[in-house]
Amino acid sequence: MSKRLLVATALVAWLPTLSAAEGLAKPVLGYEAAGRMIAACFAAQAAAGHAKVNVVVVDDGGRLIAAARQDGACKACTDIAENKATTSALYAAPTRAMADLSFGLKRDGVGAGLPGAAFVPGLVAFAGGLPVKSASGDVIGGIGVSGASEDQDESCAQVGLDAVAKSLD
């Protein structure tokens, strides 16, 4: 029994070294970066003067890292922001791309590659969510903004990404 425990302990200690040695490790999006993203979004909203927003940052599995709602922002939009962030993280694409796939570029259904995607529970098919990528291109999370127009939400999310882009390596 003690031999098995010793072998199992050695294996567990060795696994992180194996993944790093084989280049399997990737950066992790943390709370500090998420906080900077949210602060940058709030500053961008204030500078632009559009409607107040909710901002949610999730990890690469769509799990919550940080969320904040500006005073006076749409209360229901927190869930929408989280769904935008999760959609972007899990599908490694902006939620605007999901809209293009669901409804076509002109939103008339013509050329829609996945017309039913918009009806998948939790999947967001309108702009405002962006994947968070490391310097090497690995998806490490997602950011979702909701409360203003689609374009304003997406612009705000981009400002959040820009605020941490150089530190994601």
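Residues numbered from 1 in each chain as written. Predicted model: local features only at pLDDT ≥ 70, side-chain atom pairs only at ≥ 80, totals over all residues. Heavy atoms only, no water.

A.B. asks: In this structure, what is going on with the sheet that holds strand 3 (residues 129–133)? I would like to understand it.
C.D. replies: Strands pair in a sheet through their backbones, by hydrogen bonds, and they do so in one of two ways: parallel or antiparallel. Strand order in the open sheet formed by 4 strands is 2-1-4-3, with antiparallel pairing between adjacent strands. In the strand order of this sheet, the two ends are held by strand 2 (64–69) and strand 3, each with one partner. Within the sheet, the average angular offset between the axes of one strand and its neighbour, ignoring direction, is 15°. Against the sheet, helix 2 (residues 31–48) engages strand 1 (54–59), strand 2, strand 3 and strand 4 (139–146), with an angle of about 25° to strand 2. Of the strands in this sheet, strand 3 and strand 4 touch helix 5 (residues 150–164), which is tilted by about 140° from strand 4. (Pairing = 2+ DSSP bridges. Helix = DSSP H or I, 4+ residues; strand = E, 2+ residues; numbered from the N terminus. Axes fitted to C-alpha atoms, helices over the stretch in contact; angles between N-to-C directions. Contact = heavy atoms within 4.5 Å.)

A.B. asks: Would you explain unusual backbone geometry in this entry?
C.D. replies: It is generally the case that most residues other than glycine have a negative phi and that most peptide bonds are trans. Backbone geometry places alanine 92, a non-glycine residue, at a positive phi of 55°. Relative to the helices and strands, alanine 92 resides in the loop between helix 3 (77–91) and helix 4 (95–103).

A.B. asks: Teacher, can you tell me more about the side chain of lysine 84 here?
C.D. replies: With respect to the helices and strands, lysine 84 occurs in helix 3. For lysine 84, the contacting residues outside a window of four places in its chain are Thr95, Val124, Phe126, Ala127, Gly128, Gly129, Gly144, Val145, Ser146 and Asp153.

A.B. asks: What is the right way to look at the environment of glycine 147 in this model?
C.D. replies: Along the chain, glycine 147 falls in the loop between strand 4 and helix 5. With 78 residues separating them along the chain, glycine 147 and arginine 69 place their C-alpha atoms 9.3 Å apart. For glycine 147, the residues in contact, after removing those within four places along its chain, are Ala51, Lys52, Val53, Cys77 and Asp153.

A.B. asks: Looking at this structure, I do not really get the state of the cysteines. What am I missing?
C.D. replies: Should the sulfur atoms of two cysteines be covalently bonded, the bond is a disulfide. For the structure on display, the rule yields 0 disulfides. Residue cysteine 41 stays outside any disulfide, its sulfur separated by 3.7 Å from that of cysteine 156, the closest cysteine. (Disulfide = S-S within 2.5 Å.)

A.B. asks: Quick question: what am I supposed to make of helix 4 here?
C.D. replies: Think of an α-helix as 3.6 residues a turn; residues three or four steps apart then line up on the same face. Burial in helix 4 covers these residues: Thr95, Met98, Ala99 and Ser102. The buried residues of helix 4 occupy one face: seen down the axis, they fall within an arc of 105°. On its buried face, helix 4 sits against helix 3 and strand 3. Immediately downstream of helix 4, the backbone of glycine 104 shows phi near 85°, a positive value. (Buried < 20%, exposed > 50% of the residue type's maximum accessible area, 1.4 Å probe, protein only. Arc of directions from axis to C-beta.)

A.B. asks: Help me out: how do you make sense of the packing of helix 2 against helix 5 in this one?
C.D. replies: Two measures define how a pair of helices packs: the angle their axes make with one another and the distance between the axes. One way to put it is that helix 2 packs onto helix 5 with a least axis distance of 8 Å and a crossing angle of 135°. Here helix 2 is positioned oblique relative to helix 5, judged by the angle of their axes. In this structure, helix 2 crosses over helix 5, and the sense of that crossing is right-handed. Along its contact with helix 2, which presents Ala33, Arg36, Met37, Ala40, Cys41 and Ala44, the element helix 5 presents Cys156, Ala157, Val159, Gly160, Leu161, Ala163 and Val164. (Parallel < 35°, antiparallel > 145°, perpendicular 65-115°, else oblique. Left-handed = near helix turned anticlockwise from the far one by under 90°.)

A.B. asks: Is there a simple way to think about the nonpolar core in this case?
C.D. replies: In a soluble, globular protein the nonpolar side chains are often hidden away together inside. Grouped together as the largest cluster of nonpolar side chains are 21 residues, with contacts concentrated most on Leu29, Met37, Val55, Val57, Val132, Ile143 and Val145. For this core, the secondary structure elements donating two or more residues are helix 2, strand 1, strand 2, strand 3, strand 4 and helix 5. Dropping the residues within four chain positions of it, leucine 29 is found in contact with Met37, Val57, Val58, Ile65, Val132, Ile140, Gly141 and Leu168. Membership of the second largest hydrophobic core comes to 5 residues, among which are Val58, Ala81, Ala85 and Ala89. (Core = buried A, V, L, I, M, F, W, Y, C linked by side-chain atoms within 4.5 Å.)

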